[in-house]
Amino acid sequence: MAEPSAATQSPSVSSSSSGAEPSAAGGGGGSQGACPALGAKSCGSSCADSFVSSSSSQPVSLFSTSQVHDLIFWRDVKKTGFVFGTTLIVLLSLAAFSVISVVSYLILALLSVTISFRVYKSVIQAVQKSEEGHPFKAYLDVDITLSSEAFHNYVNAALVHVNRALKLIIRLFLVEDLVDSLKLAVFMWLMTYVGAVFNGITLLILAELLVFSVPIVYEKYKTQIDHYVGIARDQTKSIVEKIQAKLPGIAKKKAD
């Protein structure tokens with residue numbers, strides 16, 4: 001009597017097993033098929049772990065290119081005005097006072113604001129008998145620790161620029177290209193006159209004014225500026241070609 005029952009049950013077992021194979025085969029192609037076998041909780045944790053591991057391998061930058069672009073092109077007037085005004089005040093202060101004095105005054109100003117706000121909120125809480133807690137608790141709970149992986153990513157990104165700069169310095173000072181080395185010599189000769197008129201802080205102030213003014217001006221008058229820049233580039237290129245033609249070493253190198 002046991003054998004017929006087993007025989008009657010075997011088709012259902014075989015059909016279920018044969019139906020499970022396509023689902024398993026289909027599950028291998030995507031995460032939706034593999035997740036039910038692990039369970040909802042296991043699926044969520046495994047997917048989250050895989051996402052974190054894949055995203056953590058990518059280098060993280062503090063400021064993206066689009067943010068810097070929006071800043072110097074005055075897309076957000078309030079944000080750009082705050083950054084421009086703050087940095088300009090700091091640079092003007094450094095031009096008038098020593099670095100130690102400027103840093104000390106900045107720290108004192110920041111502490112005055114935070115301590116005054118902390119005392120004010122404490123008095124308000126005591127008068128109103130409320131328990132709102134520390135006014136800066138949301139900022140104190142923020143995790144600002146730098147992981148070792150992120151630190152290595154920043155170091156690796158910086159090493160690329162350092163190696164590129166070292167290679168350029170060696171190429172210029174060991175005269176790999178005579179014209180490029182002569183350009184550097186002329187530029188440094190002109191900078192001696194600039195250094196006699198301006199100091200480092202003044203140059204930084206002028207650089208900031210140019211960074212926050214030239215891009216927006218170029219955006220408004222792009223056609224006219226490109227026209228005159230193209231004329232100047234063609235004239236400079238022709239002069240450089242004439243100089244290179246008169247230098248025997250450069251002419252022989254180009255002929256080869």
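Residues numbered from 1 in each chain as written. Predicted model: local features only at pLDDT ≥ 70, side-chain atom pairs only at ≥ 80, totals over all residues. Heavy atoms only, no water.

The name recorded for the protein in an unreviewed UniProt entry is Reticulon, from Equus asinus. The annotation that UniProt attaches to the protein under Subcellular location (unreviewed entry) is "Endoplasmic reticulum membrane". (UniProt positions renumbered as here; feature names shortened; annotations may be inferred.)

Caption draft 1: Quick look at the UniProt feature "transmembrane region" (unreviewed entry) in the protein. The positions UniProt marks with the feature "transmembrane region" (unreviewed entry) are residues 82–111 and 196–218. Each end of residues 196–218 is marked by a C-alpha atom, and these two atoms are 30 Å apart; helix forms 83% of the span and strand 0%. (Helix = DSSP H or I, 4+ residues; strand = E, 2+ residues; numbered from the N terminus.)

Caption draft 2: Geometry of unusual backbone geometry. Positive phi values are uncommon outside glycine, yet Trp 74 reaches one of about 55°. You can see Trp 74 is positioned in the loop between α4 (65–72) and α5 (77–96). One non-glycine residue, Val 175, lies in positive phi territory at about 55°. If you trace the backbone, Val 175 turns up in the loop between α8 (148–173) and α9 (178–197). Given the relative accessible area of 41%, Val 175 is considered partly exposed. (Buried < 20%, exposed > 50% of the residue type's maximum accessible area, 1.4 Å probe, protein only.)

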